Amino acid sequence: MIRYEDVVVRYPGASRDALAGVGFHAERGRLTAVVGPNGSGKSTLVRALLGRVVVAGGAVRVDGAPVTEHGRGELAKRVAVITQREDLAFPLTVDEYVALGRFPHLGGWRGARSIDRDAIEHALTRAGVAALARDGRRVQELSGGEWQRVRLARALAQGGEALVLDEPTTFLDVAHEMAAFELLHELTVEGVAVLLVSHQLNLVARFADEIVLLHDGLVAAAGSPDDVMQAAILERVYEWPLVVTRDPAVGAPALLPLRVRRRT
Amino acid sequence: MTTALIDRVRWPLLVLAVVAALLLAVALGTISLAPGAVWDALLGRGDPAAITVVLVLRLPRAVLAGLIGAGLGISGAALQGTMRNPLAEPYLLGVSGGAAVGAVLAVSLGVAAVFLPIAAFAGAVLAVAVTFFVAHAAGTRGDARILLMAGVVVGAFANSVIMLVLGTAPSNAVRDAVWWMMGSVAAATWSQTAWLAVYVLLGGGALLAWSRQIDVLSLGDDTAAALGLAPEATARRIYAAAALVAAATVAAAGLVGFVGLVVPHIVRGLGVRRHRPLLVGSAFAGAALVILADLAARTLRPPSELPLGAVTAIVGVPFFLSRLRRLA
């Protein structure tokens, strides 16, 4: 559904490409995870999808057509994106914020119809924030974890066949993080294409169908969790000694970074 | 007051404020009229002197003041949301500085007073264009902070031009120009009121039509893009409409400071969050505020009048400082 073809992006004034020819695709019904060290180009992938950076080479395609050829509104109906950072300048309630997820469908004037109200209710429930909305809580009063889940609800209300998330589980505790990953898994079962940028290698190894490992704007490895989660590859990319074991309970590969003993 | 109570009385309160301000402005002054006399005069009955005072002197003045407040309020609310900055206001885009330069140049060149609003309007539009050009030349893609900085720079440049011109101008021209810069609706006529109404309705209507886009833009450019907006292009349209409305108010009555800055905060204080009601509410609150400020300007020290811009600033500054404490 979302296809990156040799995408090259260079920020103005930068000495090297942020993305130097990255290619992979995220299909419906699959959870595709993009991992990699800080500065490897993960967020730039999301920005390229949104048309927020100039793609100097290659193309980002959605359902075959380059994103630049889709109208922005059309694209927003198909692909919901949660960006890495978002700060509201002014107060909004949880309900008002999540309702803005329907903007691609409603445009500037049309009022919410029952299909929109249903989508909002459904999204609030699925993201586990219906109580926050019912209590009329304001977005500014939320904890970091609640805010992340409310943002997820906004993207779910947007609907669409693809969901792109940039570091969505930062600030979530163990239970909420697991719930979020389970929800993403459910969405893939329903046929949604989920593209997830994450630092949580071990969770990604358990949930993702495919992992794309980025390093310095290039794909260092791609494939199933077993293909990518190899100590030699990860050590080279992250420049840190580590071992890859196997989770005794679920059998997924698990990364264990080692402590470095410094000489004193 | 509890939130539920505010929710119920908010709109009646705003409408009542405008109506009450209008009635007070029409009734009070050197000749104060009883409510019955005001009503008769509005219908064109009774004492001919009262009819003249109400229909020719006070009503156009009050309506003009209301339109200026409404325009600045809408404009300020739209700019704050779009720029995601509670300190944004139309004058900061260079509107005030540019209008002042236009007016001062016109006065010092001995241009007839009737053309002064046109000169001010041209100056304001030109200054806003320069502000956008400077921000664009700085290489940002519509970064609101850079735009505000560019507005400050253009304003500073405008100030130096004003000082240069006034420094060499004859003293009566200086007095005219300074008085104009302090803002006044004393010379209000129905025709002036009518053409300002056109600008406020067109510009305000455009901003109102884009108010949900402002909601989306206030989430930040990346999220706005994710929701299908072209953030920079949308923001530019909103800036242009807001600047046009503000420039028209400045052309009509000079500089009436702090209204665009303060009014949206008053309306947000009433629990309004989304921009469609915020813009409408800011129009009402701005209208009531400027009508009352003008009433104060002409009745506090009769027979002389205080500058309208000074009154709004004296009311606006303490209010704004109190908001600033809450924002910090």
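Below or above, wherever it landed, is the structure these notes cover.

Parameters at a glance
Residues numbered from 1 in each chain as written. Chains lettered and ligands numbered in written order. Predicted model: local features only at pLDDT ≥ 70, side-chain atom pairs only at ≥ 80, totals over all residues. Helix = DSSP H or I, 4+ residues; strand = E, 2+ residues; numbered from the N terminus. Rg over C-alpha atoms; globule rule 2.2 N^0.38 Å. Buried ≥ 20, exposed ≤ 12 C-beta atoms within 10 Å, placed from the backbone. Contact = placed C-beta atoms within 7 Å. Pairing = 2+ DSSP bridges. Axes fitted to C-alpha atoms, helices over the stretch in contact; angles between N-to-C directions. Nonpolar A, V, L, I, M, F, W, Y, C, P; charged D, E, K, R; others polar. Left-handed = near helix turned anticlockwise from the far one by under 90°. Parallel < 35°, antiparallel > 145°, perpendicular 65-115°, else oblique. Right-handed = clockwise from strand over helix to strand, strands pointing away.

With that settled, the discussion passes to the overall build of chain A. The number of helices and strands found in chain A is eleven helices and twelve strands. A compact globule built from 264 residues would reach a C-alpha radius of gyration of about 18 Å, and chain A, at 19 Å, matches this within 12%. In terms of overall dimensions, chain A has a C-alpha envelope of 60 × 40 × 35 Å along the principal axes. Here chain A holds 264 residues, and 43% of them are scored as buried. Sequence separation of 24 or more characterises 63% of the internal contacts of chain A that already satisfy a separation of 6 or more.

Think of a sheet as strands paired side by side through backbone hydrogen bonds, with each pair either parallel or antiparallel. All names here are of chain A. Sheet architecture is open: six strands sit in the order 6-7-8-3-9-10, paired in mixed fashion. Unpaired on one side and paired on the other, strand 6 (79–82) and strand 10 (218–223) mark the two borders of the sheet. Taking each pair of neighbouring strands and ignoring which way they run, the sheet shows an average axis angle of 15 degrees. The sheet contact formed by strand 6 and strand 7 (residues 162–166) spans four bridges and is parallel. When the sheet's bridge partners are listed, Ala80 is paired in strand 7 with Leu163. Helix 1 (residues 42–49) contacts strand 3 (31–35), strand 6, strand 7, strand 8 (193–197) and strand 9 (210–215) of the sheet and is inclined by roughly 140 degrees relative to strand 7.

What follows covers the interface of chain B and chain A. On the chain A side, the residues contacting the 23 residues of chain B number 22 residues. Class assignment of the residues belonging to the side of chain B that touches chain A gives a composition of nine nonpolar, seven polar and seven charged.

This next bit is on the packing of helix 5 (residues 114–126) of chain A against helix 7 (residues 144–158) of chain A. All names here are of chain A. Two elements in contact, helix 5 and helix 7, have axes whose closest approach is 8 Å; the angle formed by their N-to-C orientations is 145 degrees. When the axes of helix 5 and helix 7 are compared, the crossing they make is right-handed. Residues Ala119, Ile120, Ala123, Leu124 and Arg126 of helix 5 pack against Ala153, Leu156 and Ala157 of helix 7. A per-class count over the contact of helix 5 with helix 7 returns seven nonpolar, no polar and one charged.

Residues and elements named next belong to chain B. Taken N-terminus to C-terminus, the directions of helix 8 (residues 190–209) and helix 11 (residues 231–253) make an angle of 165 degrees; their axes are 9 Å apart at the nearest point. Here helix 8 is positioned roughly antiparallel relative to helix 11, judged by the angle of their axes. Pair helix 8 / helix 11 crosses with left-handed handedness. Packed against helix 8, whose contacting residues are Gln192, Leu196, Tyr199, Val200, Gly203, Gly204, Ala206 and Leu207, the element helix 11 presents Ile238, Ala241, Ala242, Leu244, Val245, Ala248, Thr249 and Ala252 at the interface. Grouping the amino acids of the contact of helix 8 with helix 11 by side-chain chemistry returns twelve nonpolar, four polar and no charged.

So, about the pairing of strand 7 of chain A. All names here are of chain A. The element strand 7 is extensively covered by neighbouring structure, given that five of its five residues are classed as buried. Where burial is concerned, the two faces of strand 7 agree: the one with Ala162, Val164 and Asp166 and the one with Leu163 and Leu165 are both buried. At this point the chain moves from strand 7, through helix 8 (residues 174–189), to the parallel strand 8, and the crossover so formed is right-handed.

The subject of this paragraph is unusual backbone geometry. Residues and elements named next belong to chain A. With a phi close to 50 degrees, Asp63 is a non-glycine residue in the positive phi region. Residue placement: Asp63 occurs in the loop between strand 4 (55–62) and strand 5 (65–66). The exposure class of Asp63 is partly exposed, given the 14 C-beta atoms found within 10 Å. Even without being a glycine, Glu239 presents a positive backbone phi close to 55 degrees. As for its placement among the helices and strands, Glu239 is situated in the loop between helix 11 (231–238) and strand 11 (242–246). Here Glu239 falls in the exposed class, since 9 other C-beta atoms lie within 10 Å of it.

As a further point, take the pairing of strand 10 of chain A. Residues and elements named next belong to chain A. When strand 9 meets strand 10, the two strands line up antiparallel, connected through five bridges. By the bridge assignment, Leu214 is partnered in strand 10 with Val219. Connecting strand 9 to the next strand, strand 10, in antiparallel fashion are two residues, including Asp216 with a positive phi near 50 degrees.

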